[in-house]
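Below are the chains, spelled out letter by letter.
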Amino acid sequence: MLLLKMNIQVLPEHKLSSVAPLKQFNVEKKEVELILVKEQNGVQYTNSSVVASPSSGEDVVRETWGKKIDFLLSVIGFAVDLANVWRFPYLCYKNGGGAFLIPYVLFLFIAGMPLFYMELALGQYNREGAATVWKICPIFKGVGYTVIIIALYVGFYYNVIIAWSLYYLFASLTSELPWLNCDNPWNSPNCTEPQHINGTFLGNRTSYAKYKNTPAAEFYERRVLHIHESKGINDLGLPRWELTLCLILVVFILCFSLWKGVKSSGKVWIDAATQIFFSLGAGFGVLIAFASYNKFDNNCYRDAILTSSINCITSFFSGFAVFSVLGYMAHQHHVNIKDVATEGAGLVFIIYPEAISTLPGSTFFAIVFFIMLLTLGIDSSMGGMEAVITGLSDDFKILKRNRKLFTFAVAFGTFLIALLCITNGGIFVLTLLDRYAAGTSILFGVLIEAIGVSWFYGVDRFSEDIERMMGFKPGIYWRLCWKFVSPAFLLLAVIASIVTSGDLRYDDYIFPRWSNMVGWSIALSSMLFVPIYAIYKLLILPGTFKERIAYGITPEHEHHLVKEGNVRQFKLRHWLSI
């Protein structure tokens, strides 16, 4: 595809038919696509119309990234998030250190990279969001809604974690960090300053990471969360005004950034599989949305290798940084490193801040650390919101015409739900959402996505699409992963996530049984879009039941072949091809 100085784009016949298949027009051999490109805020807006005859003036407006680096940084920013800092190092330590890297790297190559590559190519070729991209196999459109809903659910609580980081940043703007000692109004009578805590003090009662009466732990739980004022998930209270202001600021940042457009041995293996999958971020519709704004001939294969490699290298690097701090803390308190090793919020909001408070120039290092958390969180949250906005805007044109209003509505909606997570018992709501909103459901969503692309649309046809974009077909390794290895991996991961799902708890608090039922209802609310939409599609399509099946699994631009009785998916060759 050639972009000329006059902003006119001339496409070869095979590329034109792949970009804009025309259902109602008999297109002649030499079609020309005119592209009007204007630069605005780093994003090029593309207005294309296929010129075949005077009657075929169907206009399509699509943004493209102004610069290649914009796309790469957006994808890397989404993929590299808080999980790289607070989850990977702990999983690596818990599951045998270097031994954990064996399954981690294995799953990177057989599942992580292939799925990452698949989503980038799918979005770039079809130039659609997560829902409308399923014009390639209409009956699977429900999975597009599944991943959009999951991305929305994650935004409900992920923004709260960013708000915590912002609160800590503001709290750090003092000469003495507020979690340095026990002389504060929020401290309990049991508060013990770190210099008095060692292995002898703790005895066999608990590990240092689980001891809740250090100044840093009490700042987090009593000053930030006010968890001591709640009896559990059935006793939430009102939103904390300080966190509400921080959350408002976070939502405004996200809203205006998106205003105009884009920018045991067995347990070891399960942990490695889920970590590589969630770390890369496939299945949230974000990669499809971002790639849909690429130029048609962009090398998404190189992008997939580069960005997934950077993400994993970042995880390795953060592991060295995290365990340097944990080793220092263990040395300070004369305990084993297992007593200070933890993951999640306890690592970044308790252990790390306490370690920073002991350093010379602690205020400076605290500010830098929490700015890092903000940047890690915000660009990942922006990716999730963009997946929702792009996915629904491409499906409902009225939303695309009113993008600013729709962006505000999405941001405001996430803000309202997030208020539940900044109440006295908000941590319990956040824990429930974190467990169920994007657990089994996201694995299920990508499993259906992989089956839809690889089996129903066809790996061979998908490979031909990639060849039209980049001039070469994916190798046999990628095709085998897409058709056999990745779906098998995802199926096992879905089963394992269900089988290993135990009772929900936060520290010593065990959630009531009804909250687990609510959690599974949240998970099912997104997964059920797949069968419900498939049934709906079969009901509204014309013809006999067999013809409806044929229309449902045939790309929209090939529906005329169904009328002729030429259904590719009804032939054995389609299912055997690679």
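Cut-offs applied
- Residues numbered from 1 in each chain as written.
- Predicted model: local features only at pLDDT ≥ 70, side-chain atom pairs only at ≥ 80, totals over all residues.
- Heavy atoms only, no water.
- Disulfide = S-S within 2.5 Å.
- Buried < 20%, exposed > 50% of the residue type's maximum accessible area, 1.4 Å probe, protein only.
- Salt bridge = Lys/Arg side-chain N within 4 Å of Asp/Glu carboxyl O.
- Helix = DSSP H or I, 4+ residues; strand = E, 2+ residues; numbered from the N terminus.
- Core = buried A, V, L, I, M, F, W, Y, C linked by side-chain atoms within 4.5 Å.
- Contact = heavy atoms within 4.5 Å.

### What about the state of the cysteines?
As enumerated under the stated definition, the model contains 1 disulfide in all. Across the disulfide, C182 is cross-linked to C191 (sulfur-sulfur distance 2.1 Å). Between C182 and C191 the disulfide shows an S-S torsion of about -70°. By sign, it is left-handed. Assessed through its relative accessible area of 14%, C191 is described here as buried.

### Overview of the pattern of salt bridges
Inspection of every chain in the model, using the stated rule, returns 12 salt bridges. The residue E128 makes a salt bridge to K135 at a minimum N-O spacing of 3.6 Å. A relative accessible area of 17% means that E128 is categorised as buried. Exposure remark for K135: the relative accessible area of 22% places this residue in the partly exposed category. Among the ionic pairs, R568 bridges to D460, the shortest N-O distance being 2.6 Å. Of the two residues, R568 sits in the loop between α23 (559–563) and α24 (572–576) while D460 sits in helix α18 (residues 440–470), which places them 108 residues apart along the sequence. Here the salt bridges do not stand alone but share partners, grouping K212, E221 and D507 into one network.

### As for the nonpolar core
With 174 residues, the main nonpolar core has Y117, W164, W179, Y220, F349, F370 and F462 as its most contacted residues. Ranked by residue count, the leading element in this core is helix α6 (residues 141–171), at 22 residues. In contact with Y220, not counting residues within four places along its chain, are W164, Y168, L225, A345, F349, I350, I427 and Y506. Core analysis: the second largest hydrophobic core is formed by 5 residues, A550, Y551, V562 and V567 among them.

That's the geometry; what it means functionally is another story.
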